[in-house]
Amino acid sequence: MDSDGLIKLAKSGILAQVIREWHCLVPQAVYEETVERGKQEAYPDAEEIERLVQGHVKPLRENEHAEAILAQARALGRGEQEALHLFFNERADAIITDDRAFLAVLKRAGLPALPPALALVELARSGGIQLAEAESALEMMKGLIRQEVYQLARRDLEELRKTKLKGAEMDEGERQS
Amino acid sequence: MRARGRARAKTMPYPLRLPRGLLELADLRAAEERVDRSTALRQLLYAGAEEYVLKLLQRGRISLSKAAELLECSSWAIYELAQERGVSLGGTAEEYKEAKERLMSGKD
């Protein structure tokens, strides 16, 4: 994940669960700009992230596929660049990011991105967190994401609640019959 | 707001002709903020730079990491700055939907 993903998940109080449920990795540059620099500037969440990502930070190992994509993408900083190298080196499933410039680069390259709001919906869908936990996390993320994205994620969580309720009712019906 | 680490920022001289009014404004700021004229000018320059960086970030022309590099601060400071100025950052509804569709097609 990049700094954007890391900050949004940490601020929503769901980073520990994401790291626990999925095998998440953090590039060294992202660690430096969020944890080290954040601690220098006395952001309290930086210390919490430091504790949570221990053992998940990866130093830069250059990858030629990433290099080829980055040659055309000058809008990215070191954090996103290293996230791309890491994605290829680790053969990752997706990059957790909500950064528009990075999302555009990933889209052009046909690579999968997972915005943090969608990540918490998916985590709730897979049972990695309780639905109520996801709803509360989304509320905490609200001020950091676009209102339109908040509404979509909220709708997804409402649909998930209905689906789970329906499933529970069917199970109950089967038990009674 | 926290200091954004500019005390440690590397500086270099740059020759520049400035309008008289701007210099007068810098002097006013210098008196108001109890700093010297150069510091006041740098503060005014940074205020414009911050606004422009946020604009680029919001439009997706630069990334969060790049914005932090340009303003020589942490990613946290960029978010704080955006919130102070009421600027929404992050992907759009369309980008959310695209990511969701891709995720769903991968599950099929």
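Residues numbered from 1 in each chain as written. Chains lettered and ligands numbered in written order. Predicted model: local features only at pLDDT ≥ 70, side-chain atom pairs only at ≥ 80, totals over all residues.

Undergrad: I would appreciate a short explanation of the environment of Glu95 of chain B in the present structure.
TA: Mapped onto the elements of the fold, Glu95 of chain B is located in helix H5 (residues 93-107). Classification of Glu95 of chain B as buried rests on a count of 22 C-beta atoms within 10 Å. Sequence-distant contacts of Glu95 of chain B, defined by excluding residues within four places in its chain, comprise Leu103 and Pro115 of chain A. (Helix = DSSP H or I, 4+ residues; strand = E, 2+ residues; numbered from the N terminus. Buried ≥ 20, exposed ≤ 12 C-beta atoms within 10 Å, placed from the backbone. Contact = placed C-beta atoms within 7 Å.)

Undergrad: How should the interface of chain B and chain A be read in this particular structure?
TA: When the parts of a complex come together, some accessible area is lost, and that lost area is often used as the size of the interface. Taken together, the contact pairs 30 residues of chain B with 40 residues of chain A. Contributing elements (two or more residues each) for the side of chain B that touches chain A: helix H3 (64-71), helix H4 (75-84) and H5 of chain B. Looking at the side of chain B that touches chain A, its residues break down into eleven nonpolar, eleven polar and eight charged. (Nonpolar A, V, L, I, M, F, W, Y, C, P; charged D, E, K, R; others polar.)

Undergrad: What exactly am I supposed to notice about the packing of helix H9 (residues 131-141) of chain A against helix H10 (residues 147-176) of chain A here?
TA: Residue and element names in this part refer to chain A. Between H9 and H10, the shortest axis-to-axis distance is 11 Å and the interhelical angle comes to 170°. Of the possible angle classes, the one that applies to H9 and H10 is roughly antiparallel. Two secondary-structure elements touch here, H9 through Leu131, Ala134, Glu135 and Leu138 and H10 through Tyr150, Ala153, Arg154, Leu157, Leu160, Arg161 and Lys164. Of the residues contributing to the contact of H9 with H10, the split by class is seven nonpolar, no polar and four charged. (Axes fitted to C-alpha atoms, helices over the stretch in contact; angles between N-to-C directions. Parallel < 35°, antiparallel > 145°, perpendicular 65-115°, else oblique.)

Undergrad: How do you make sense of the domain arrangement of chain A when you look at a structure like this?
TA: Residue and element names in this part refer to chain A. By domain assignment, chain A separates into domain 1 (3-115) and domain 2 (118-176). Using C-alpha coordinates to define each centre, domain 1 is positioned 25 Å away from domain 2. Each partner contributes residues to the interface: domain 1 has twelve residues there, and domain 2 has twelve residues. Mapped by element, the contributors of at least two residues to the side of domain 1 that touches domain 2 are helix H1 (3-11) and helix H2 (15-21). (Domains from an automatic or database assignment.)

Undergrad: Is there a simple way to explain the environment of Gly38 of chain A in this structure?
TA: Residue and element names in this part refer to chain A. For Gly38, the position within the fold is in helix H3 (residues 28-40). You can call Gly38 buried: it has 28 C-beta atoms within 10 Å. For the pair Gly38 and Ile49, spaced eleven residues apart in sequence, the C-alpha separation works out to 9.9 Å.

Undergrad: Any chance you could explain the confidence of the model for chain B here in plain terms?
TA: Detailed reading of the predicted coordinates is not advisable wherever pLDDT is low. Residue and element names in this part refer to chain B. With 91% of its residues at a pLDDT of at least 70, chain B reaches an overall mean of 89. Mean pLDDT across the elements of chain B bottoms out in H5 (90) and peaks in helix H1 (residues 20-33) (96). Scoring of the predicted complex yields 0.89 for pTM and 0.89 for ipTM. (pLDDT = per-residue confidence, 0-100.)

Undergrad: Before we go on, may I ask you to explain H3 of chain B in this structure?
TA: For an α-helix the count is 3.6 residues per turn, leaving residues at separations of three or four pointing the same way. Burial within H3 of chain B is extensive, with six of its eight residues counted as buried. Residues of H3 of chain B that are buried sit in contact with H1, H3 and helix H6 (78-89) of chain A together with helix H2 (37-59) and H4 of chain B. Backbone geometry just after H3 of chain B places Glu72 of chain B at a positive phi near 50°.

Undergrad: I would appreciate a short explanation of the environment of Arg146 of chain A in the present structure.
TA: Of note, Arg146 of chain A is situated in the loop between H9 and H10. Take Arg146 of chain A: there are 21 C-beta atoms within 10 Å of it, and that puts it in the buried class. Here the alpha-carbon distance between Arg146 of chain A and Arg161 of chain A, two residues 15 residues apart in the chain, equals 23 Å. Residues contacting Arg146 of chain A, with those up to four places away along its chain left out, are Ser88, Gly90 and Thr92 of chain B.

Undergrad: Is there a simple way to think about unusual backbone geometry in this case?
TA: Trans is the common state for peptide bonds, and a negative phi is the common state for residues other than glycine. Residues and elements named next belong to chain B. One non-glycine residue, Arg34, lies in positive phi territory at about 55°. Note on placement: Arg34 falls in the loop between H1 and H2. One non-glycine residue, Glu72, lies in the positive phi region at around 50°. In this structure, Glu72 sits in the loop between H3 and H4. Assessed through the 15 C-beta atoms surrounding it within 10 Å, Glu72 is described here as partly exposed.

Undergrad: When you look at the nonpolar core in this model, what are you seeing that I'm missing?
TA: If you look at soluble globular proteins, the nonpolar side chains tend to sit buried side by side. Counting residues in each nonpolar core, the largest one holds 74 residues, and the members touching the most others are Ile95, Ala117, Leu120, Ala134, Leu138 and Ala153 of chain A together with Ile78 of chain B. Ranked by the residues each element gives to this core, the list is headed by helix H8 (residues 116-125) of chain A, at seven residues. For Ala117 of chain A, the contacting residues outside a window of four places in its chain are Leu138, Met141, Ile145, Val149, Tyr150 and Ala153 of chain A together with Tyr96 of chain B. (Core = buried A, V, L, I, M, F, W, Y, C linked by C-beta atoms within 7 Å.)

Undergrad: Would you explain the packing of H1 of chain A against helix H4 (residues 44-52) of chain A in this entry?
TA: Residue and element names in this part refer to chain A. As a packed pair, H1 and H4 sit with axes 11 Å apart at the nearest point and diverge in direction by 100°. By the angle between their directions, the pair H1 and H4 is classed as roughly perpendicular. Of the residues in H4, those in contact with Leu6, Ala10 and Lys11 of H1 are Asp45, Glu48 and Ile49. Partitioned by chemical class, the residues of the contact of H1 with H4 number three nonpolar, no polar and three charged.

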